[in-house]
Amino acid sequence: MIRKAPIAAPITGAIHGTPEQEAYLEKIVKQFTITPDYLEKICTHFMSEMDKGLNKEGQTLAMIPSYVEGRLTGQEKGHFLALDLGGTNLRVVLVTLEGNGKYKTKSSKARVTTELKTGPMRDLCDYIADCVDEFLTEEGLSNTDTTLFLGYTFSFPVLQSRINRGILKSWTKGFNCTGAVGKDPVMLLQDALLRKNVPIKVAALVNDAVGTLLSNAYQKPNTSIGLILGTGSNGGYIEEIKKIGKWKSNENPTSHEMIINMEFGAFDNERMILPVTQYDNKVDRQSINPHGQIFEKMISGMYLGEITRNILLDMIDRELLFGPQEGRYDCKSWSKELSGHYAFVTSQMSTIESDGTPELTRTKEALDLNLNLHAISTPESKIIKRVCEAVGTRAAHLAGVAIAGIVRHCEISPEEGTDVGIDGSLYEFYPSFEERIYDALAILLPDHKNVRKTVRLGLAKDGSGVGAALTACVAAHMEGRKKGALG
Ligand code: ADP
Ligand code: MG
């Protein structure tokens, strides 16, 4: 698989800002730099939170058993549908598993509008059912006799009680539909599908981190960790059932292992250890879920641009950025676009971080085009680039903490090693995000002398979609195995 993210281009030469600008910039950068000792501290705390979550309900790291038992063989076969409600898009995917780790996909994509994200849940489910119906018609599958099995990737904190049953605990990532918290998203969707006569059985409820792990494992059987670095962020890993102290299922598991959906976006919601800055606090307070998902808000795509924007606004308010200059006639209102919530998006940071031109021409163009910030000076562009670098690097290092925490918890030795499947546009496109994760891993996993070889990060493209189809397949297998066990 080809990695598309370019390498971040370092700032060339001095910034040539004023002494005040440079001093304040350094202060900000320092707040966003996590020392190796401090990374270690966060990692240790992360591991103890994992233990807590495994042994008791209602902990900050929810550590939710996914009801996906056992490992894949790569030989799974069949046609399955997958539905991926990620945060930014809704995707319907037809997955044909061909065995030998091979699969084919056909998919369609639709945007989920803010009205749908914050309106009644029934409307959202109706919309999803319509999208599925349309897709089936396009693919000529709407008039078949057989009911297709669907894996539903629903990437919000859900307490599962079966492979296709669960209760939504809370919304995240800008969603806030009414009539959904405390309810089962599978039942709500199945109901909409029935009402519209769409011949689909929702066979599995899948968290996207879990799905990503599975889809990576289909091709690389030595996968034990899945990660999401997209709109939001989360992780899943394979745990030994005997280590899940809170597991009290009456049913005999069909395997000694189970995938855990960590819901690590909520890590340190108590703010005991994370180096939360004033800028993070501002993003948090003005978000749709204040105080929740603080780790996610420091790591993931939805928020990195917003953190950066808040830093730039602070500098503007201190008259350290965008002061009077030729071409800016009305200096006070000149940067008004930048005042809009979420006006500075994370993909913009990718453009800026990859800009290797000596005068940062591409940065200037992008800021002009997207935020109407014309006539930006080269020192100003360099300051903005430095801020992006600080925010982006901290995110990647914190993502590294989570991966290292899982590797250490599972005692994965360098000899054993593991593949780590990662899905999400942040990982896929943000310059040097992967390099920076490895930098943190090298610090936190000193036993892994060549950490790139032993903790192998890789893009699980379509991870959540293919993973959902695989989960629907696993659901069928588990049924089979249980029936088999009963004779
Ligand atoms: P989802 O999380 O909804 O499944 P994605 O994995 O595609 O979807 O993630 C979308 C998020 O990724 C967007 O919210 C945006 O913040 C971020 N993103 C998109 N493009 C880029 C890019 N070029 N560079 C960095 N981040 C990006
Ligand atoms: Mg996704």
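The structure this text deals with has already been given above.
What you see is a predicted model, and the numbers here were worked out from it, not measured in a lab.

Draft legend 1. Region of interest: the overall build of the protein chain. Within the protein chain, the regular secondary structure consists of 17 helices and 13 strands. Over its C-alpha trace the protein chain gives a radius of gyration of 23 Å, about what one expects of a compact globule, namely 23 Å for 487 residues. With respect to the three principal axes, the spread of C-alpha positions in the protein chain is 80 × 50 × 40 Å. In the protein chain, which comprises 487 residues, the proportion classed as buried is 58%. For the protein chain, contacts bridging at least 24 residues in sequence account for 72% of all contacts bridging at least 6. Mean positive and mean negative side-chain charge positions of the protein chain (55 and 60 charges, respectively) differ by 2 Å.

Draft legend 2. Main features of the site of ligand 1. As a structural note, the neighbourhood of ligand 1 is formed by 15 residues, with Thr88, Thr231, Gly301, Ser350 and Ser425 the closest of them. Thr231 places a main-chain nitrogen or oxygen 2.9 Å from an oxygen atom of ligand 1. A distance of 2.5 Å separates a nitrogen atom of ligand 1 from a polar atom in the side chain of Ser350. Relative to its unbound accessible area of 570 Å², ligand 1 is 76% covered by the protein chains. Among the elements of the structure, helix H9 (301-317), helix H11 (346-354) and helix H14 (425-429) are those that each provide at least two residues to the shell around ligand 1. For the shell around ligand 1, the residue count by class is four nonpolar, eleven polar and no charged.

Draft legend 3. Structural view of the sheet that holds strand S11 (residues 257-261). Read across the open sheet, the six strands follow the order S1-S11-S10-S9-S12-S13; overall the sheet is mixed. Strands at the two margins of the open sheet, each flanked by one partner only, are strand S1 (64-69) and strand S13 (455-459). Across the sheet, the mean angle separating the axes of adjacent strands is 25° when strand polarity is ignored. The sheet contact formed by strand S9 (residues 223-229) and strand S12 (residues 418-423) spans five bridges and is parallel. By the bridge assignment for S12, Ile225 is matched with Val420. Sheet contacts for helix H15 (residues 433-444): S9 and S13; angle to S13, the most-contacted strand, approximately 160°.

Draft legend 4. Quick look at the pairing of strand S4 (residues 102-111). Two strands pair when backbone bridges link them, and strand S3 (residues 89-99) and S4 are joined in this way by ten bridges, in the antiparallel orientation. Its bridge partner being in S4, Thr96 is matched across the sheet by Lys104. Hairpin connection between S3 and S4: a loop of two residues separates the two successive antiparallel strands, and Asn100 in this loop has a positive phi of roughly 55°.

Draft legend 5. Region of the structure containing the packing of helix H2 (residues 36-55) against H15. It is the contact of H2 with H15, at a shortest axis distance of 10 Å, that shows an interaxial angle of 80°. Relative to H15, the element H2 lies roughly perpendicular. Taking contact as the criterion, the partners of Pro36, Leu39, Glu40 and Cys43 in H2 are, on H15, Ala440, Ile443 and Leu444. Within the contact of H2 with H15, the residues separate by chemical class into six nonpolar, no polar and one charged.

Draft legend 6. Layout of the nonpolar core. Counting residues in each nonpolar core, the largest one holds 116 residues, and the members touching the most others are Phe46, Leu229, Ile437, Leu441 and Leu457. Here this core gets 16 residues from one element, more than from any other, and that element is helix H13 (residues 378-409). Core analysis: the next-biggest nonpolar cluster, separate from the first, contains 37 residues, Leu81, Phe156, Leu189 and Val202 among them.

Draft legend 7. Here's a closer look at the pattern of salt bridges. In the structure shown here, the tally under the stated rule is 19 salt bridges. As a salt-bridge pair, Lys196 and Asp130 come within 3.1 Å of each other at their nearest N and O atoms. Residue Lys196 is found in the loop between helix H5 (185-195) and strand S8 (200-206), and its partner Asp130 is found in helix H4 (residues 121-138); the two are separated by 66 residues along the sequence. Take Lys196: its relative accessible area is 29%, and that puts it in the partly exposed class. Asp284 is paired through a salt bridge with Lys297; the nearest N and O atoms lie 2.7 Å apart. Of this pair, Asp284 sits in helix H7 (residues 278-285) while Lys297 sits in helix H8 (residues 294-299); the two residues are 13 residues apart in sequence, bridging distant segments of the chain. Each of the salt bridges in this network shares a partner with another, and the network as a whole consists of Asp126, Asp191 and Arg195.

Draft legend 8. Inspection of H4 at higher detail. For H4, built from 18 residues, the straight-helix expectation of 26 Å at 1.5 Å per residue is met to within 8% by its first-to-last C-alpha distance of 26 Å. Positioned one or two residues after H4, Gly140 has a phi angle of 65°, which is positive.

Draft legend 9. Seen up close, H11. With seven of nine residues buried, H11 lies mostly within the body of the structure. Where H11 is buried, its residues contact H9, helix H12 (361-371), H13, H14 and H15.

Draft legend 10. Spatial organisation of the sheet that holds S8. In space, the five strands of this open sheet follow the order S4-S3-S2-S5-S8, with mixed pairing throughout. Either end of the sheet is taken by a strand with one partner, and the two such strands are S4 and S8. Sheet twist, expressed as the mean angle between neighbouring strand axes with direction ignored, is 25°. Summarising the sheet, strand S2 (residues 77-85) and S3 pair through nine bridges and their orientation is antiparallel. Directly across from Phe80, in S3, lies its bridge partner Val95. Running at roughly 45° to S3, H4 makes contact with S2, S3, S4, strand S5 (148-154) and S8 of the sheet. Relative to the sheet, H5 contacts S2, S5 and S8, its axis offset from that of S8 by approximately 160°.

Draft legend 11. Layout of the packing of aromatic side chains. Here the structure, examined in full by the defined rule, presents 15 aromatic pairs. Ring centres of Phe46 and Phe264 lie 6.0 Å apart, and the angle between their planes is 65°; this geometry places the pair in the edge-to-face category. Taken together, the residues span a long stretch of sequence, with Phe46 in helix H2 and Phe264 in the loop between S11 and H7 at a distance of 218 residues. The pair formed by Phe46 and Phe264 is uniform in burial state, with each residue classed as buried. Aromatic side chains Phe267 and Phe295 sit 5.2 Å apart centroid to centroid with 85° between the ring planes, which places their arrangement in the edge-to-face category. You can see Phe267 sitting in the loop between S11 and H7 and its partner Phe295 sitting in helix H8, a full 28 residues away along the chain. Relative accessible area serves as the criterion here: at 0%, Phe267 is assigned to the buried category. Residue classification places Phe295 among the buried residues on the basis of a relative accessible area of 0%. A cation sits over an aromatic face here: Lys173 above Phe156, 4.7 Å from the ring centre.

Cut-offs used in this document
Residues numbered from 1 in each chain as written. Chains lettered and ligands numbered in written order. Predicted model: local features only at pLDDT ≥ 70, side-chain atom pairs only at ≥ 80, totals over all residues. Heavy atoms only, no water. Helix = DSSP H or I, 4+ residues; strand = E, 2+ residues; numbered from the N terminus. Rg over C-alpha atoms; globule rule 2.2 N^0.38 Å. Buried < 20%, exposed > 50% of the residue type's maximum accessible area, 1.4 Å probe, protein only. Contact = heavy atoms within 4.5 Å. Lys, Arg positive; Asp, Glu negative; His and termini not counted. Charge placed at Lys NZ, Arg CZ, Asp CG, Glu CD. Near = heavy atom within 4 Å. Polar contact = N/O pair within 3.5 Å; in protein donor to acceptor, adjacent residues only side chain to side chain. Areas by Shrake-Rupley, 256 points an atom, 1.4 Å probe, with all protein chains shown as cover. Nonpolar A, V, L, I, M, F, W, Y, C, P; charged D, E, K, R; others polar. Pairing = 2+ DSSP bridges. Axes fitted to C-alpha atoms, helices over the stretch in contact; angles between N-to-C directions. Parallel < 35°, antiparallel > 145°, perpendicular 65-115°, else oblique. Core = buried A, V, L, I, M, F, W, Y, C linked by side-chain atoms within 4.5 Å. Salt bridge = Lys/Arg side-chain N within 4 Å of Asp/Glu carboxyl O. Expected span 1.5 Å × (residues − 1). Phe/Tyr/Trp six-rings, centres within 6.5 Å; stacked < 30°, edge-to-face > 60°. Lys NZ or Arg CZ within 6 Å of the ring centre and 35° of its normal.

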